[in-house]
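Residue-level structural notes
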Amino acid sequence: MTALLEVRDVRLSFGGLQALDGPSLDVADGEVVGLIGPNGAGKTSLFNCIGGLYRPQSGSIKVAGREVTGLPRHRIASLGVGRTFQNIGLLPSRTVLENVLAGGYHSTTGGWWATTLGLRRIGRSETELSARAIALLAELELSDVAGRMVGTLPFGTLKRIELARALLGEPRLLLVDEPANGLVHSEVLELGTTLRRLAAERGAAILLVEHHMGLVTSVCDRVAVLDFGRLIAQGDPHEVARDPQVVAAYLGSAA
Amino acid sequence: MSVVTPPQAARRADRAADGARASVAEWLRRPRPPLAPPRWLAILATALGGIALLGIPLVNPSYINLTVTLVMIWTVVGLGLNLLVGFGGQVSLGHSAFFAIGAYAVAVGGELGIPHPATLLVAGMLPFAVGYVIGLPALRLHGLQLGLVTLALAMATPAAIRAFEPLTHGSRGIAIDADPPSWVPLAHDQWIYYLALAAAVVAYLATRRLARGRLGRSFVAVRDAELVAETLGVNVWQTKTRLFATSAAYAGVAGGLYAMLLEFVGPENFNLALSISFVTLIVVGGLATVPGAVLGALFVQYVPTFTSSVSPAATGAAYGVVLIVFAFFLPFGLVGLARGALGKVVDRLPGRRG
Ligand SMILES: Nc1ncnc2c1ncn2[C@@H]1O[C@H](COP(=O)(O)OP(=O)(O)OP(=O)(O)O)[C@@H](O)[C@H]1O
Ligand SMILES: [Mg+2]
C-alpha cells in the first residue's frame, strides 16, 4: 500500500538559504507523526510545500498518490489536506463559529446560482454544517466563545479554533503547526488526548509540528527530526529523543 | 500572512472589548455581528416596510416617487458594489462605467424597438460580460493599482460614450420612451417605481444569500487572507472575477432603471462624481453589510439635496468630511452604529429567532 503522504527529496531555497535540503518522509493513513527540529529547521516550510504555499525547486510530494507540487493551491484541500497555521490564519472580523464554518468550504457544495435562488439543498447543507461545527466547538471546549469575534481572543484559544476549522473539512491528512503554543501545561495534556482521539475516531493522519516534547512523545506513533532542512533522524519518539545527533542539533541551536 | 494575530494584539483587543475603559472611538470601531431580532419582529418590520413601500407611489406626487425610486436604484448599485468592495475586498472606483453601460443598453435597445422591461435583462447581462472581461486581468492587481485602473475606467466613460457616436448619439444623448405597457394602469413614475422596487427586493435577497452562507464566508476569506482562503479550497481568482462581474451586473440593471426613470441618457450623467458617490454610499452605509446599501442610498440621495440648498460646493465638502469621519471612526458605517446601539436591546427581546 502506498503512503497517504509521500515526500521525496524536497529542495526549497530562499536566495542562498536552503530551507529544505532533500528530506523524504512517509505518513500512512491514520498515523500520527511528529515533525520536530530546532527553530528555522524547515518544519513550517515543509507544511507550506505540502499545502502549495511554497513551490519546491525540486523533489516530489504526493498526497493519496497525487502529485501536489504545481497543483493550484485551492485544489489541494479537496485531496483531503487540512492545516493550521503557526501564526494563526483566522478571519479577525468574524465570529468563532463563522471561522470554523469556513473550514467546510471544500466539503460542501452550493454554487452562485443555487445560492442566489435559495435552493432547498443549500439551506439543508448549511444547517447540517452548522450542526457539525457546533458539535466540534463543544468537543474542543469552544462553545462559550462561539459567538465572539476572533480578534478579541487569546492565542491558545485561536489555535484551537484553527484546529476546529481544519477538522470541519474532514481531512484525511491534518497538518498541525505548533498547536500547544500559548497553552498552559494542563491544557497541553488535554490537547494531546484530544488529538489522539480525533485521529482514532476520524481515521485522520496527523503530521504534528511541535516544540513541546511531552506532547510529541505522548501523541505520536513516530517522529521525524529536521535540522537545517535535512532529515537527521526518524523513528520511535522515545528513542529519537535520545539520539545523539538529535540532542546535538537541539543543543547546537540552544548554544 | 496578513491575518497574523500575535498574542499581544489578541490580548490587547480582548481587554479593549471587555474592559470598562474602552474609549468611545474604540467602541465605534468594534466589529459586531448582525442584529438578531426575534422572528415576530422581523416579520412585523418586513410587513410594515412592505406595505409602506407598495403604498408610497399611490399616494405621493411624482417628484417624491422620483426621489424614492432613485434611492432604490442607488440601493441596487450599493448592494452589488458592497459585495465586491465590502465582502470581497476589491476596490472599484469604476462602477459608473457599468451603470452607464446598463443605461445605454436600455436606451439603444429602445431605439432598436426592444420593449423596455426586456432591455433591463440586457442592461444586466452586458455589464456582467464586460465586467468579467475587464476583471480577468484587472483582478490580478492589488489595492492601489486596481483602484487606479477602475478610476481610469470611470474617467474615460463620458469620452467613450461620445466616441461611440453612431450608437450613442454622442453629446446629444438619447431620449427614451419608458411609458408603461398599455395593460398596466399606472403613470410613468409609478411604473418605474415598482420596477425599481422589484429590482431592489430581488437584489437585496440575492445579496443576502450570497453574503451569508458558504460563498459569503469564502468572499471574506478572500478579502482578509487570500492564502488561507486557498488553503480552505477557495478558488480566489475565480471568486474575484465573478464578484466583479456580478457587481457590474447590479450596476447595469440600476443604470437601466435610471435611464427609464429620466427617459434620457447623455454622457454627462455618468461622470466620475457618480462613481465617487457609489463608493461614499457603501462606506456610509457600512462596508460588508447588506442593509448598509439602503442606508447609504438614502444618504447619497438626500444629503446632497440638503447641502446644495446651502451652497453648490457644500456637497463635495460634505462627502469629503463624511468619508474621512467614517474611515476613522465608523469603519462599519451606519449599520455598525445601529448594531452597537441596538444590539443589546434587540438581543433581550423575547421570542424565537433564526
Ligand atoms: N518566505 C520566506 N522567505 C525567506 N525565508 C524564509 C521564508 N520562509 C521560511 N524562511 C526561512 O527558512 C528557514 C526555515 O523556516 P521555517 O519557518 O520552515 O522553520 P521552522 O522549522 O518552522 O521554525 P520554527 O520552529 O521557528 O517555526 C528559516 O531560516 C526561515 O527564515
Ligand atoms: Mg515553524
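Residues numbered from 1 in each chain as written. Chains lettered and ligands numbered in written order. Predicted model: local features only at pLDDT ≥ 70, side-chain atom pairs only at ≥ 80, totals over all residues. Heavy atoms only, no water.

Considerations on the pairing of strand E4 (residues 32-36) of chain A
The buried fraction of E4(A) is high, at 5 of 5 residues. Here E4(A) shows a buried face lined by A:Val32, A:Gly34 and A:Ile36 and a second buried face lined by A:Val33 and A:Leu35. (Buried < 20%, exposed > 50% of the residue type's maximum accessible area, 1.4 Å probe, protein only. Helix = DSSP H or I, 4+ residues; strand = E, 2+ residues; numbered from the N terminus.)

Let's talk about the sheet that holds E4(A)
Residue and element names in this part refer to chain A. Within the open sheet, the 6 strands sit side by side as E7-E8-E9-E4-E10-E11. Their pairing is mixed. Sheet topology places strand E7 (81-83) and strand E11 (230-235) at the edges, where each strand pairs with a single neighbour. Pairwise comparison of adjacent strand axes, ignoring direction, gives a mean angle of 20° for this sheet. Bridge count for E4 against strand E9 (residues 205-209) is 4 bridges, and the pairing is parallel. Paired with Gly34 across the two strands is Leu208, which belongs to E9. Contacts from helix H1 (residues 43-50) reach E4, E7, strand E8 (173-177), E9 and strand E10 (222-227), with the element oriented near 145° to E8. Contacting E7 and E8, helix H6 (residues 155-168) crosses the sheet at an angle of about 170° to E8. (Pairing = 2+ DSSP bridges. Axes fitted to C-alpha atoms, helices over the stretch in contact; angles between N-to-C directions. Contact = heavy atoms within 4.5 Å.)

Let's talk about the environment of A:Ala64
All names here are of chain A. Locating Ala64 in the fold gives a position in the loop between strand E5 (58-63) and strand E6 (66-67). We classify Ala64 as partly exposed; its relative accessible area is 38%. Put simply, Ala64 and Leu5 are 59 residues apart on the chain and 6.4 Å apart in space, counted from C-alpha to C-alpha. Leave out the neighbours within four places in its chain, and Ala64 touches Leu4 and Arg172.

A short note on the environment of A:Pro179
All names here are of chain A. Residue position: Pro179 is located in the loop between E8 and helix H7 (185-202). Note on Pro179: relative accessible area 6%, which makes it buried. Taking the C-alpha atoms as reference points, Pro179 and Val209, separated by 30 residues in sequence, lie 8.0 Å from one another. Setting aside anything within four residues of it in sequence, one finds Pro179 in contact with Lys159, Leu191, Leu208, Val209, Glu210 and Leu215.

Side note on the coordination of the magnesium ion (ligand 2)
Residue and element names in this part refer to chain A. Of the protein atoms, only Thr44 (OG1) and Gln86 (OE1) coordinate the magnesium ion (ligand 2), at distances of 1.9 to 2.1 Å. In this pair, Thr44 is assigned in helix H1 and Gln86 in the loop between E7 and helix H3 (96-102), connecting sequence segments 42 residues apart. The class for Thr44 is partly exposed, based on a relative accessible area of 24%. (Donors = N, O, S within 2.8 Å, 3.2 Å for Na, K, Ca; no water.)

A short note on the site of ligand 1
Residues and elements named next belong to chain A. Close contacts around ligand 1 come from 14 residues, with Asn39, Lys43, Thr44, Ser45 and Gln86 the closest. Within the backbone of Gly42, a nitrogen or oxygen atom sits 2.9 Å from an oxygen atom of ligand 1. Between ligand 1 and Tyr54 there is a distance of 3.0 Å, counted from a nitrogen atom to a side-chain nitrogen or oxygen. Out of a free accessible area of 630 Å², ligand 1 has 66% covered by protein chains. (Near = heavy atom within 4 Å. Polar contact = N/O pair within 3.5 Å; in protein donor to acceptor, adjacent residues only side chain to side chain. Areas by Shrake-Rupley, 256 points an atom, 1.4 Å probe, with all protein chains shown as cover.)

Section: the packing of helix H9 (residues 188-212) of chain B against helix H10 (residues 214-224) of chain B
Axes are the key here: two packed helices are described by the angle between their axes and the distance separating the axes. All names here are of chain B. Following both chains from N to C, one finds H9 and H10 inclined at 65°, their axes separated by 4 Å at the closest point. Taken together, the axes of H9 and H10 lie roughly perpendicular to each other. Facing H9, whose interface residues are Leu210, Ala211 and Arg212, H10 presents Arg214, Leu215, Gly216, Arg217 and Phe219. Looking at side-chain class alone, the contact of H9 with H10 contains 4 nonpolar, 1 polar and 3 charged residues. (Parallel < 35°, antiparallel > 145°, perpendicular 65-115°, else oblique. Nonpolar A, V, L, I, M, F, W, Y, C, P; charged D, E, K, R; others polar.)

Digging into the interface of chain A and chain B
Each side of the interface is counted separately: chain A has 40 residues, and chain B has 39 residues. Buried surface at the junction of chain A and chain B, summed over both partners, amounts to about 3600 Å²; 64% is from carbon and sulfur atoms. Among the residues of chain A in contact with chain B, A:His74, A:Tyr105 and A:Trp112 are the three that bury the most area, contributing 24% of the side total. At the boundary of chain A and chain B, one finds 2 salt bridges. Note that A:Arg73 is salt-bridged to B:Glu230, the shortest N-O span being 2.7 Å. (Buried area = accessible area lost by both parts, 1.4 Å probe. Salt bridge = Lys/Arg side-chain N within 4 Å of Asp/Glu carboxyl O.)

As for the packing of helix H4 (residues 62-87) of chain B against helix H12 (residues 236-262) of chain B
Residues and elements named next belong to chain B. Viewed as axis vectors pointing N to C, H4 and H12 meet at an angle of 170°, and their least axial separation amounts to 7 Å. Regarding the angle of H4 to H12, the classification is roughly antiparallel. The segment H4 lies against H12, with Leu66, Thr69, Leu70, Ile73, Trp74, Val76, Val77, Leu79, Gly80, Leu81, Leu83 and Leu84 engaging Leu243, Phe244, Thr246, Ser247, Tyr250, Ala251, Ala254, Leu257, Tyr258 and Leu261. Looking at side-chain class alone, the contact of H4 with H12 contains 18 nonpolar, 4 polar and no charged residues.

Any functional reading would require information that these geometric values do not contain.
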